[in-house]
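Residue-level structural notes
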Amino acid sequence: MTGPLAPPADPDPDTDTDLATDPRVHAPHRLGDLVVAPVGWGTLPLTGGYGAAPGGRTDELVGRLLDVVLAGGQAPPLVDTADFYGAGAVEEQLGRTLGHRRDDVVLAGRGGAVVDGPGRPRRIDGSPAHLRRACEASLRRLRTDHLDLYSLARVDPRVPLEESVGALHDLVRAGLVRHVGLSEVTGEELRRACAVGPVAAVASEWSLVSRDVEADVVPVARALGVVIVACSPLARGLLGGGVPEPGEGDYRRNHPRFAPGNLPGNNRLARRAAALAAAAGWDPAAAALAWVLGAGDGARDVVALVGTVRPAHLRTACAAAHRDLPPAVRAGLEACFPVGGVAGDRRPRVPGTAADPTTAPASVETASSAERDARP
Ligand SMILES: NC(=O)c1ccc[n+]([C@@H]2O[C@H](COP(=O)([O-])OP(=O)(O)OC[C@H]3O[C@@H](n4cnc5c(N)ncnc54)[C@H](OP(=O)(O)O)[C@@H]3O)[C@@H](O)[C@H]2O)c1
């Protein structure tokens, strides 16, 4: 029988993980004219949507997280955020905390998902006018004059993709953005976008349990020289060794994988993978990250974004870039999650109720009513 899991302890951020491992394993990647560390920090959990941060969501905590990710690699880390995370609150927090360290990170933002009121995004707007306004507002909140990477949060079915991508290139020409990115697109959409102008990065959920991108987006990105940003590489916490049943307000309540009928079985698979990793001397989350860093055909061109509010966990993640996952462990982990073995789709149950709308299929017309219906 699988009962709820205890929340993880928050060990001393400075003593839990040894980074003094081989620095050559995963080298920094080129992102346009920038270099970027293989592991970056994703700020979605700062919304509180995966459970509250220990000690709250404080500037001091965010400062410590920045310290850790900045110390973790041989190149500036990607720090990923979006204007709809906490309806702008996460950008404001980063803006307050980054300060003189702004240029030490590769700052990535996303626009196009609209939060009209309290709660999560309700619709997608990929129009040039909205993207310009959204980018300018993000820059104000982030207290910076440019974003290093700015991505379309999701393709707006009412706006030709070429128009949205053209608008992002206008932002580059205006000096507000250095590089254009996309998120949760198909391989065909990526090709169309690249025909408009250079696309530096494409973000998609990619992990041991979410491998659909390998058939479509990844080969196209590799053919076109676009960096692949693996989002939710720990399957929203599952690959840390399992997660407790999501509580009230936890975004994962909307995700079929975390539904009461699916979570116990998925946790069993995750525990089996964790045991396999531990037997090989790996922390389960580090093994899952090392897996994605070398995933696909082992091209080592992936940037893994780990979402966490715990400095110790971020340290573990950064350390993963310095160790190579032995092929036998890699194969063993893959065998723990056979195709069809994980129950429930990776996308949220109702379009428009996602923690990150880029993981839901675009359905702008149904999003607002679905969001309303899903609200308590
Ligand atoms: N562009 C897009 O479409 C898109 C979509 C989704 C996400 N993203 C970005 O990608 C980032 C990463 O994805 P994500 O945050 O959804 O999910 P994730 O990184 O797969 O998982 C985050 C969860 O894993 C837990 N965790 C982290 N390190 C751990 C460790 N060492 N051991 C055990 N548990 C650990 C975190 O809990 P603790 O906080 O307790 O560590 C958190 O609840 C996001 O934050 C966001 O910036 C982008």
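Residues numbered from 1 in each chain as written. Predicted model: local features only at pLDDT ≥ 70, side-chain atom pairs only at ≥ 80, totals over all residues.

1. Section: the overall build of the chain
Just so we agree on the cut-off: Counting from the N terminus, the helices are the DSSP runs of H or I reaching at least four residues and the strands are the DSSP runs of E reaching at least two. The exposure label follows from counting other C-beta atoms within 10 Å of a residue's C-beta, where the C-beta atoms are placed from the backbone and the thresholds are 20 or more for buried and 12 or fewer for exposed, leaving partly exposed in between. We call two residues in contact when their backbone-placed C-beta atoms lie within 7 Å.
Broken down by element type, the chain carries 11 helices and 12 strands. Looking at the 376 residues of the chain, the share that counts as buried comes to 52%. Contacts in the chain between residues far apart in sequence, at least 24 positions, make up 78% of those at least 6 positions apart.

2. Some remarks on the environment of Asp145
Locating Asp145 in the fold gives a position in the loop between α3 (128–142) and β8 (147–152). Judged by the 9 C-beta atoms lying within 10 Å of it, Asp145 is exposed. Separated by 32 residues in the primary sequence, Asp145 and Val177 place their C-alpha atoms 8.6 Å from one another.

3. As for the pairing of β8
Operational definition: Between any two strands, at least two bridges found by DSSP are needed for them to pair. A crossover counts as right-handed when, viewed with the strands pointing away from the observer, the path leading from the first strand over the helix to the second turns clockwise.
With respect to burial, β8 is a largely interior element, 6 of its 6 residues being buried. Sheet analysis places strand β5 (residues 106–111) next to β8, joined by 4 bridges and oriented parallel. Across the sheet, the residue bridging to Arg110 is Ser151, located in β8. By the bridge criterion, 5 bridges tie β8 to strand β9 (residues 177–183) in an arrangement that is parallel. If you follow Tyr150 over to β9, its bridge partner there is Val180. In terms of handedness, the path from β8 via helix α4 (residues 161–173) over to β9 forms a crossover that is right-handed.

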